[in-house]
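One-letter residues, chain by chain:
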Amino acid sequence: MTTQIPRKILLNPGPVTTTDTVKQAQVVPDICHREHEFTSLIQKIRSDLLKVVHAKDDYTAVLFGASGTGALEACLSSVIPEGKKVLIVNNGSYGERLVSIAKRHHIEVVELTFTFDQELPLEKIESILADDEAIHSCVLVHHETSTGILNPLREMGAICKRTGKQFIVDAMSSYAGVPIDVYQDNIDYLISSSNKCLHGMPGLSFVICNKARVLETQNNARTFYFDLYKQYSSVEKTGEMPFTPPVQAAYALNQALDEYFAQTGAKRFAQFRSNYTQLRQGLETLGFEVVTPEARQSYLLMTVCNPKGSDYNFNHIHDYLFERGYTIYPKKLSIPNTFRLACIGDLTPEDIDNFLSELKQYQLMCSESLQQVEE
Ligand SMILES: *Cc1c(COP(=O)(O)O)cnc(C)c1O
């Protein structure tokens, strides 16, 4: 069966452009998720997920049938014990989302808010953590996808270690996109999903947990479905996910993981970096400005400001490019006149070049129509 699937270039930060082999991996005979064939697939996926961040068997990967936010909610609402606080670093929309999740579960939050162009004051954060015994955990968004800033993971991990706090990382858009090592980065819980740098289909998210830690969470859960301990113990005991997972998305994730290891992490990171650099340079040549600070850029996503003096309308640019097979993404923060471009997904240098040519055509079209108005 070889149906030709039109190739689309997604420059939004997930779901991403996937390979045809990942798309086709979803086409499998119907199967019940409690059958051995499927439970062994889940075991393989769980062990592969650990390998991406160099975790050994003192860690465990707990899967949820949910988008990434589901696994974030499972983690926060299961890990922080009653009566304890969580410190959340908020320097973008995803930090803000974590604060909302914690508050929704009536967890007391110590919220540290910074703008995207502010360096995190690490010493100050350390002293806040050290001085407050009621703070149980510290949460960091590794890659703030709302701006393209990479937050200092290793430094924050070391701070958590020194102050005796558990370290929870939203690595949704950095896992499999930049190097992460659960031991060197001192991570207790790491959350990500199938459809970002892993290049799988949406539908599955996961928490990579330090096993000793997750055992402490047995009676903490504030919800029924997103009970981290129960999800963990159920799959450990029976091999089965307790609730129906997106079966076909799991087959795609399995294929995506095989492709990740075949390529190697190092080559994938290099691919993202070179696509990013090529895109950033091309945009600057066309007069666009990248406002993500260079020293803290993730090489995965950038915030782009329209050329000075232009009055491009986002929806208009978007629709022009979408018709030609390219998806761009609106801004998230209130930085005026900006939009976002990610370079994750199975993209080649030609894809980036072709995108830049379409964008140039758009600019030409706009300046021609402007001339006509003036004439
Ligand atoms: C994508 C993303 C999420 C989760 O988004 P979902 O739409 O629920 O998958 C959370 N945090 C960050 C940093 C993200 O990039």
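One can find the structure itself at the top, above this paragraph.
Being a predicted model, the structure only gives us computed values, none of them experimental.

The rules we used
Every chain's residues receive numbers from 1 upward, in the order its sequence appears when written. Owing to the predicted nature of the model, reporting of local features is limited to residues with pLDDT of at least 70; listing and counting of side-chain atom pairs is limited to 80 or more, with chain, interface and lining totals taken over all residues. By convention in this description, side-chain values take in all heavy atoms of the structure and omit both hydrogens and water. A helix here means a DSSP run of H or I that spans at least four residues, while a strand means a run of E at least two residues long, and both kinds are numbered starting from the N terminus. The size measure is the radius of gyration over C-alpha atoms, and the globule rule it meets is 2.2 Å times the number of residues to the 0.38 power. The rule is simple: take the accessible area with a 1.4 Å probe, protein chains only, and divide by the maximum for that residue type; under 20% is buried, over 50% is exposed, in between is partly exposed. Contact definition: two residues touch when any of their heavy atoms are within 4.5 Å. To be clear on the numbers: accessible area is Shrake-Rupley with a 1.4 Å probe, and residue cover counts the displayed protein chains and nothing else. His is not counted, nor are the chain ends; Lys and Arg add positive charge and Asp and Glu add negative charge. Each charge is placed at NZ for Lys, CZ for Arg, CG for Asp and CD for Glu. By convention in these notes, a salt bridge is any Lys or Arg side-chain nitrogen within 4 Å of a carboxyl oxygen on Asp or Glu. Strands were regarded as paired on the criterion that DSSP finds at least two bridges between them. Every angle, taken between N-to-C directions, lies between 0 and 180 degrees, and every axis is a line fitted to C-alpha atoms, over only the stretch in contact when it is a helix. Angular relationships are summarised with four words: roughly parallel below 35 degrees, roughly antiparallel beyond 145, roughly perpendicular across 65 to 115, and oblique for the angles in between. Each helix crossing is assigned a hand: it is left-handed if the near helix lies turned anticlockwise from the far helix by less than a right angle, otherwise right-handed if that turn is clockwise. Three classes are used: nonpolar for Ala, Val, Leu, Ile, Met, Phe, Trp, Tyr, Cys and Pro, charged for Asp, Glu, Lys and Arg, and polar for all others, with Gly counted as polar.

(A) Broad picture of the overall build of the chain. Across its full length, the chain holds 12 helices and 15 strands. Computed over the C-alpha atoms, the radius of gyration of the chain is 21 Å, within 12% of the 21 Å expected from 2.2 N^0.38 for a compact globule of 375 residues. For the chain, the spread of C-alpha atoms along the three principal axes comes to 75 × 55 × 35 Å. Every one of the 375 residues in the chain was classed for burial, and the buried ones make up 57%. In the chain, of all internal contacts separated by at least 6 residues, the share reaching a separation of at least 24 is 71%. In the form shown here, the chain has an accessible surface area of approximately 16300 Å², with 51% of it arising from carbon and sulfur atoms. In the chain, 35 positive and 45 negative side-chain charges are present, and the distance between their average locations comes to 4 Å.

(B) Seen up close, the side chain of Glu259. In this structure, Glu259 sits in helix α9 (residues 247–263). Buried within the structure, Glu259 lacks any salt-bridge partner; its nearest side chain of opposite charge belongs to Arg268, at an N-O separation of 5.9 Å.

(C) Just the sheet that holds strand β10 (residues 204–210), in detail. Within the open sheet, the seven strands sit side by side as β2-β10-β9-β8-β5-β3-β4. Their pairing is mixed. The open sheet terminates on both sides in strands that have one partner only, identified here as β2 (59–65) and β4 (108–113). Going across the sheet, the axis of each strand differs from the next one's by a mean of 20 degrees, ignoring polarity. The pairing of strand β9 (residues 189–193) with β10 spans five bridges and is classified as antiparallel. The residue bridging Leu190 from the neighbouring strand is Ile208, located in β10. In the packing of helix α2 (residues 36–52) onto the sheet, contacts are made with β2 and β10, and the angle to β2 comes to roughly 125 degrees. Seen against the sheet, helix α3 (residues 68–79) touches β2, β5 (135–141), β8 (166–170), β9 and β10 and runs at an angle of roughly 160 degrees to β9.

(D) Representation of the packing of α2 against helix α8 (residues 228–238) in the model. The N-to-C vectors of α2 and α8 enclose an angle of 125 degrees; their axes lie 11 Å apart at closest approach. Here α2 lies oblique to α8, going by the angle between them. Crossing of α2 over α8 shows left-handed handedness. Residues Ile42, Gln43 and Arg46 of α2 touch α8, and the partners they reach there are Tyr232, Val235 and Glu236. Residue composition of the contact of α2 with α8, by class: three nonpolar, one polar and two charged.

(E) The arrangement of the sheet that holds strand β14 (residues 329–330) in detail. The four strands are arranged β11-β12-β15-β14 in an open sheet whose pairing can be described as antiparallel. The open sheet terminates on both sides in strands that have one partner only, identified here as β11 (289–290) and β14. Strand direction decides the pairing type here: β14 and strand β15 (residues 338–342), joined by two bridges, are antiparallel. Among the inter-strand pairings, Pro330 is bridged to a residue of β15, identified as Phe339. Most of the contacts of helix α10 (residues 265–285) go to strand β12 (residues 301–305), to which it runs at about 5 degrees, and overall it touches β11, β12 and β15.

(F) Seen up close, unusual backbone geometry. Cis peptide bonds are those with omega within 30 degrees of zero, and the linkage from Gly14 to Pro15 qualifies with -5 degrees. In this structure, Pro15 sits in the loop between β1 (9–10) and α1 (20–24). One non-glycine residue, His106, lies in the positive phi region at around 60 degrees. With respect to the element layout, His106 can be found in the loop between α4 (93–104) and β4. Judged by its relative accessible area of 72%, His106 falls in the exposed class. In this model, Asn337 sits at a positive phi of 65 degrees, which is unusual for a non-glycine residue. If you trace the backbone, Asn337 turns up in the loop between β14 and β15.

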